[in-house]
Amino acid sequence: MEPILSLQNIYKAFGDRVVLNHVDLLIEPGEYVSIVGASGAGKSTLMNIIGLLDQNFTGTYAFNGQPLSKREHSRFRNQHLGFIFQQYNLIPSLTSKENILLPCAYASGKIQEAEQTCERMLREFGLEKQKDQPVNTLSGGEKQRIALIRSVIMDPEILLADEPTGNLDEKSGRRVRDFLQEMNLAGKTIIVVTHDLEFSNEAERRLKVEGGELHELS
Ligand SMILES: Nc1ncnc2c1ncn2[C@@H]1O[C@H](COP(=O)(O)OP(=O)(O)OP(=O)(O)O)[C@@H](O)[C@H]1O
Ligand SMILES: [Mg+2]
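Calculation rules
Residues numbered from 1 in each chain as written. Chains lettered and ligands numbered in written order. Predicted model: local features only at pLDDT ≥ 70, side-chain atom pairs only at ≥ 80, totals over all residues. Heavy atoms only, no water. Pairing = 2+ DSSP bridges. Helix = DSSP H or I, 4+ residues; strand = E, 2+ residues; numbered from the N terminus. Contact = heavy atoms within 4.5 Å. Axes fitted to C-alpha atoms, helices over the stretch in contact; angles between N-to-C directions. Expected span 1.5 Å × (residues − 1). Buried < 20%, exposed > 50% of the residue type's maximum accessible area, 1.4 Å probe, protein only. Arc of directions from axis to C-beta. Polar contact = N/O pair within 3.5 Å; in protein donor to acceptor, adjacent residues only side chain to side chain.

Caption draft 1: Inspection of the sheet that holds strand β4 (residues 58–63) at higher detail. Here we have 4 strands laid out as an open sheet, ordered β2-β1-β4-β5, and antiparallel in their pairing. Both outer strands of the open sheet, β2 (17–27) and β5 (66–67), are each paired with one neighbouring strand and no more. With 8 bridges connecting them, strand β1 (residues 5–14) and β2 associate as antiparallel partners. Residue pairing in the sheet places F14 in a bridge with R17 of β2. Contacting β1, β2 and β4, helix α1 (residues 43–50) runs over the sheet at an angle of about 130° to β1.

Here is the structure:
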């Protein structure tokens, strides 16, 4: 099978600190991959490159076998990648619904469908009453559920999550993990960074960032 993502010879340094020393990463469609490693090893650096949030690296980045040029990065990110962050990254003054629909702003054709998905998911997550509330008035767990809905509103093939349970209590953390498993069962490719061993073991494939290299853990 053709890898859905193929990163090759990725090199990233901050000044003379080499964080990723020519690493390769091939991800198959539908895989659930976790990335572990010590603090400062370069997990977020790698995730930011996989997510094209950081485009300042050398090496090649291909989707379904097609190398992407820098020019194509932003559009690709918007259409094919979903993100879940530890700090939610919601816009405080906007309402729940506005935050969820934000990724659709550049995809006019998808807006109607997205609004329906948004309403349905708000119901499923028990957030109907909160939909027009500014997110800075929501509880932590509610914000996190809004962030989960937002991550899939564009129906991305690939979901990226960097320490998505880092700030959460047991129950909310469990919800994030269940959500990722469900999305994987529904066919999405999942890549997650976590310090939690039990969580990382829920992935079918585990990788470790260490000494600028990326290793497969059995
Ligand atoms: N913008 C930057 N400028 C300089 N150094 C940076 C920058 N961003 C990251 N680094 C350094 O790169 C290294 C890798 O950082 P990174 O955030 O990827 O680690 P991490 O594995 O995600 O750690 P943690 O588990 O603590 O989140 C660290 O030593 C960090 O200090
Ligand atoms: Mg990190």
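Caption draft 2: Seen up close, helix α6 (residues 170–185). In this model, α6 (16 residues) spans 22 Å end to end at C-alpha, consistent with the 22 Å of a helix rising 1.5 Å per residue. Buried within α6 we find S172, G173, V176, R177, F179, L180, M183 and N184. Each buried residue of α6 lies within a common arc of 155° when the element is viewed along its axis, so the set occupies one face. Opposite the buried face of α6, at more than 90 degrees from it, the exposed residues are E170, K171, E182 and L185. Where α6 begins, the capping side chain belongs to D169, and its oxygen is found 3.1 Å from the backbone nitrogen of K171. A positive phi of about 110° marks G187, the residue just after α6.

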